[in-house]
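If you want the building blocks of each chain, they are given just below.
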Amino acid sequence: MKKTLTSLAVLAVTSLAGGAQAQTVLTVSSWVPPTHGLSVAQKEWCDAVTAKTSNRVRCNILPRAVTPAPGTFDAVKNGLVDVSFTVHGYTPGRFVLTQMAEFPFLGDRAEPLSVAFNRIANKHPEFTAEHQGVKVLGYFTHGPGIVFNTKKPIEKVEDLSGLKFRVGGGMVNEISKTLDMNVTLKPAPDSYELLSSGVMDGTLFPAESTDSFKIDKIIKHATTFPGGLYNTSFVFMMNPAKYNSLSAEDKKAVDELSGDAVASRFGKSWDRVDDLALTNMQKNGVKVIKANNSFISGVTVRVSKLERDWAQAAKAKGLKDPSAALSEFRAEIAKLQKQK
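All of these numbers come straight from a predicted model, not from anything done at the bench.

**Q** With reference to specific residues and values, describe unusual backbone geometry.
**A** We note that Asp180 has phi near 60°; this positive angle belongs to a residue other than glycine. Counting through the fold element by element, Asp180 comes out in the loop between α6 (171–178) and β7 (182–185).

**Q** Tell me what's going on with helix α4 (residues 110–123), and back it up with residues and numbers.
**A** Its 14 residues place the ends of α4 20 Å apart at the C-alpha level, agreeing with the 20 Å of an ideal helix rising 1.5 Å per residue. Where burial is concerned, most of α4 is hidden: 11 out of the 14 residues are buried. Burial in α4 covers these residues: Ala110, Glu111, Pro112, Leu113, Ser114, Val115, Ala116, Phe117, Asn118, Ile120 and Ala121. Each element contacted by the buried residues of α4 is listed here: α5 (125–129), β4 (135–141), β10 (233–238), α11 (260–283) and α13 (322–339).

**Q** Break down the confidence of the model for the protein chain for me, citing the residues and quoting the values.
**A** Per-chain confidence: the protein chain averages 91 in pLDDT, with 93% of residues scoring 70 or above. In this model residues 1–21 is a low-confidence stretch, pLDDT under 50, and it forms 0 contacts with partners more than four residues away in sequence or in other chains.

**Q** Before we move on, can you summarise the state of the cysteines with the specific residues and values?
**A** Here, disulfide denotes a covalent bond that connects the sulfur atoms of two cysteines. Scanning all chains against the criterion turns up 1 disulfide. There is a disulfide in this structure between Cys46 and Cys59, and the S-S distance comes to 2.3 Å. Around the S-S axis, the bridge from Cys46 to Cys59 shows a dihedral of about -90° and counts as left-handed. Note that Cys46 is positioned in helix α2 (residues 37–52) and Cys59 in strand β2 (residues 57–61), a separation of 13 residues in sequence. Just as Cys46 is buried, Cys59 falls in that class too.

**Q** Could you give an account of the sheet that holds strand β5 (residues 146–149), with specific residues and numbers?
**A** Pairing between sheet strands relies on hydrogen bonds along the backbone, with the strands arranged either parallel or antiparallel. The 6 strands are arranged β7-β6-β8-β5-β9-β11 in an open sheet whose pairing can be described as mixed. Unpaired on one side and paired on the other, β7 and β11 (287–290) mark the two borders of the sheet. Geometrically, the sheet is characterised by an average inter-axis angle of 25° between neighbouring strands, direction not taken into account. Bridging between β5 and strand β8 (residues 202–205) involves 4 bridges; their strand directions are antiparallel. Within the sheet, the bridge partner assigned to Val147 lies in β8 and is Leu204.

**Q** Can you lay out the packing of aromatic side chains for me, pointing to particular residues and giving the numbers?
**A** All chains considered together, the criterion is met by 15 aromatic pairs. Their ring planes at 25° and their centres at 4.4 Å tell us that Phe140 and Phe266 sit as a pair that is stacked. On the criterion of sequence distance, the pair formed by Phe140 in strand β4 and Phe266 in helix α11 is long-range, its members being 126 residues apart. Residue class for Phe266 comes out buried when judged on its relative accessible area of 1%. Measuring from centroid to centroid gives 5.0 Å for Phe236 and Phe266, while their planes differ by 50°, and the two rings are tilted. Of the two residues, Phe236 sits in strand β10 while Phe266 sits in helix α11, which places them 30 residues apart along the sequence. Per residue, the accessibility class of Phe236 equals that of Phe266, and both read buried. In this arrangement the basic side chain of Lys135 is found over the ring face of Tyr243, its NZ or CZ atom lying 4.4 Å from the centre.

Rules of the game
- Residues numbered from 1 in each chain as written.
- Predicted model: local features only at pLDDT ≥ 70, side-chain atom pairs only at ≥ 80, totals over all residues.
- Heavy atoms only, no water.
- Helix = DSSP H or I, 4+ residues; strand = E, 2+ residues; numbered from the N terminus.
- Expected span 1.5 Å × (residues − 1).
- Buried < 20%, exposed > 50% of the residue type's maximum accessible area, 1.4 Å probe, protein only.
- Contact = heavy atoms within 4.5 Å.
- pLDDT = per-residue confidence, 0-100.
- Disulfide = S-S within 2.5 Å.
- Pairing = 2+ DSSP bridges.
- Axes fitted to C-alpha atoms, helices over the stretch in contact; angles between N-to-C directions.
- Phe/Tyr/Trp six-rings, centres within 6.5 Å; stacked < 30°, edge-to-face > 60°.
- Lys NZ or Arg CZ within 6 Å of the ring centre and 35° of its normal.

Right, here's the structure in full:
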């Protein structure tokens with residue numbers, strides 16, 4: 001009897017150990033608040049993975065970021081965290097091809113822009129090569145970029161000079177320079193301190209960021225552009241060793257929830273919060289100006305060189321026909337926007 005009980009106890013412990021080994025925990029980090037659309041979309045993805053794998057894979061979402069935003073790519077690459085997202089422009093010079101998604105006037109909604117970006121990027125293995133060291137789960141963008149400031153209405157290109165603006169890096173930095181803007185490269189979470197202290201007069205952001213980074217009561221003026229003055233490209237990623245540790249069945253589940261599904265999830269989340277923020281701007285009395293044709297033409301003339309420069313740099317990084325890829329990207333955006 002005693003031997004039987006001992007055998008059962010060993011069996012129970014072994015079963016428990018087997019059950020524990022069967023569950024994979026993904027350590028997940030976000031450098032924006034848990035209520036931010038990015039954090040919400042990331043949690044939705046985690047919940048979907050848990051459901052699709054019947055709880056074999058679950059996420060441990062950390063209460064705070066493991067690193068400041070610019071260090072996120074390397075944190076995932078080096079296994080400090082298993083899953084997170086980053087802005088490509090936060091590490092200047094590292095990513096060239098993804099700047100394709102950051103040019104002016106690409107689209108008015110984040111979801112179709114994100115899905116188009118993900119599709120074109122996945123057609124060209126050179127994009128994956130730029131992300132060596134991580135498993136790309138999906139590419140996406142935020143909504144159309146807006147010029148915000150605390151000082152005066154911005155109605156023409158010339159109004160942009162003389163004010164100090166925070167930008168996030170990447171193509172927006174180059175766009176700002178061609179428009180003779182005085183810009184400083186700083187991560188988005190620094191915006192409240194920079195604006196409230198008067199160190200900066202304004203910032204370039206999508207609408208949602210006025211709420212997310214608590215500058216909705218500080219901003220007084222906003223200028224919008226059809227398709228946005230710029231966009232910002234992101235990557236959602238996983239540590240490759242962690243991905244490779246999954247069973248074939250669980251890898252398939254992750255893959256099915258990645259790619260276009262990730263782009264759509266993050267884009268849709270961004271559109272939702274953009275809409276809320278635009279409503280709050282009206283409540284807070286932010287004076288919103290829509291750029292007129294003259295302003296748009298002034299921007300177009302100045303930034304046209306940037307596309308040529310990008311095409312040259314992208315070709316040097318191995319992309320065979322960057323101009324064709326950019327045209328294909330714009331056509332895909334147009335197609336997806338018509339479907340909405």
